[in-house]
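Residue strings, one per chain:
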Amino acid sequence: MGGWGSVRLIAELDRTATMNIIKCVVPISGGKDSQACLKLALQKFDKSEILGLFCDTKFEHPLTYAHVDKISEMYSIRIEKLNNGDVPSLVRKYKRFPSDAARFCTDELKIKVGKEFYKKLAQEQGKGFEVWYGMRKAESSQREKRYAGTVCDDIYPPHLFMPSKYPQYLAKLGVMIRLPIVDWQTEDVFEFLDGEQSPLYSMGFDRVGCFPCLAGGDYWKAKAFAFDDFGKSQRIKVVQLGHEIKKNVFTSAKWSLRNLDAIVVSRNRKQANQDDLFDAPCMICNI
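### Looking at helix 11 (residues 229-245)
So, point 1. Spanning 17 residues, helix 11 covers 25 Å between terminal C-alpha atoms, matching the ideal 24 Å at 1.5 Å per step.
So, point 2. If you check which residues of helix 11 are buried, you get Phe-230, Gly-231, Gln-234, Arg-235, Val-238, Val-239, Leu-241, Gly-242 and Ile-245.
So, point 3. Close packing links the buried residues of helix 11 with helix 3 (62-75), helix 4 (87-94) and helix 10 (218-225).
So, point 4. At the N-terminal boundary of helix 11, the capping side chain belongs to Asp-228, with an oxygen 3.2 Å from the backbone nitrogen of Phe-230.

### Quick word on the sheet that holds strand 4 (residues 129-132)
So, point 1. In space, the 5 strands of this open sheet follow the order 3-2-1-4-5, with parallel pairing throughout. The two strands at the open ends of the sheet, each matched to only one other strand, are strand 3 (79-83) and strand 5 (175-178). Across the sheet, the mean angle from the axis of one strand to that of its neighbour is 25 degrees, orientation sign disregarded.
So, point 2. Inspection of the sheet shows strand 1 (residues 24-27) paired to strand 4 by 2 bridges, in the parallel sense. By the bridge assignment, Val-25 is partnered in strand 4 with Val-131.
So, point 3. In the packing of helix 3 onto the sheet, the strands contacted are strand 2 (50-56) and strand 3, and the crossing angle to strand 3 comes to about 150 degrees.
So, point 4. Strand contacts of helix 5 (residues 104-125): strand 1, strand 2, strand 3, strand 4 and strand 5, with the helix running at about 145 degrees to strand 2, the strand carrying the most contacts.

How each quantity is defined
- Starting from 1, residues in each chain are numbered consecutively following that chain's sequence as written.
- It should be noted that, the model being predicted, local features are given only for residues of pLDDT at least 70 and side-chain atom pairs only at 80 or more, the latter also being counted only at that level, while totals for whole chains, interfaces and linings use all residues.
- Excluding hydrogens and water, the side-chain values take into account all heavy atoms of the structure.
- Helix and strand assignments come from DSSP, with helices taken as H or I runs of at least 4 residues and strands as E runs of at least 2, each series counted from the N terminus.
- By this rule the span expected of a helix is its residue count minus one, scaled by 1.5 Å.
- Each residue is placed in one exposure class: buried if its accessible area under a 1.4 Å probe, protein chains only, is under 20% of its type's maximum, exposed if it is over 50%, and partly exposed if it falls in between.
- Contact between two residues is taken to exist if any of their heavy atoms lie within 4.5 Å; hydrogens are not considered.
- Two N or O atoms form a polar contact when they lie within 3.5 Å of each other; inside protein one atom must be a possible hydrogen donor and the other a possible acceptor, and for residues adjacent in sequence the pair counts only when both atoms belong to side chains.
- One requirement defines pairing of two strands: DSSP has to find at least two bridges between them.
- Orientation is described by axes fitted as lines to C-alpha atoms, over the contacting stretch for helices, and by angles from 0 to 180 degrees between their N-to-C directions.

Here's what the structure looks like:
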């Protein structure tokens, strides 16, 4: 559970943090979009009125943890770090890997944590605040459809923004949602950050978060698993998880064998094969 047990899910804000009323909370992932929201918030609010929130999945790359700390230092913004478990434990609990249709990792490790934190903060300070999310229409056709009509300068009750995830009581406490970069293109975000973004982008990754996102595409999973020693250690964890739940983290036929260890692979071949998990060539880019 890390430093935050399930009973102590919500951080007790220390006295220095409660001296000023928080007017804007920015959920931080370490990625470019949430960072752009935080940097943009500095143009509207005083630093003392902004609070970052990092929901730790315990499945992030070390560079992401380092970059979250750098963001805090760079912008002189306090970032609360909360944890409500980890990705492998949830995979075991649900006996499946997350997918587009079942993003239980996001629900339990991010949305649930944020929801309870927003309630606690609003009650403690006796005032609501805006939550600035970094969703953009240009990220996918799904988001283009979902956020059609959303205006970047408007605020929305959380239960209207995400009906199945947020309760109506948050709006009654004064907690409102804003999507300040919803109409931005990817190049707009990078131009605004001006080189301050995570180094993972320059290393060939287009998203930053869980490393890898187990609900993401097979190409990106394979790329992360072969990227560095941390990626290789993540693959070992995921292969073991796959054996435990009898599921394959790779969902497409052409990638499926890459999740199997040498013993299992040998069952599908005429003779035993001792290929290492990481030396087997990628069928797309030979990473």
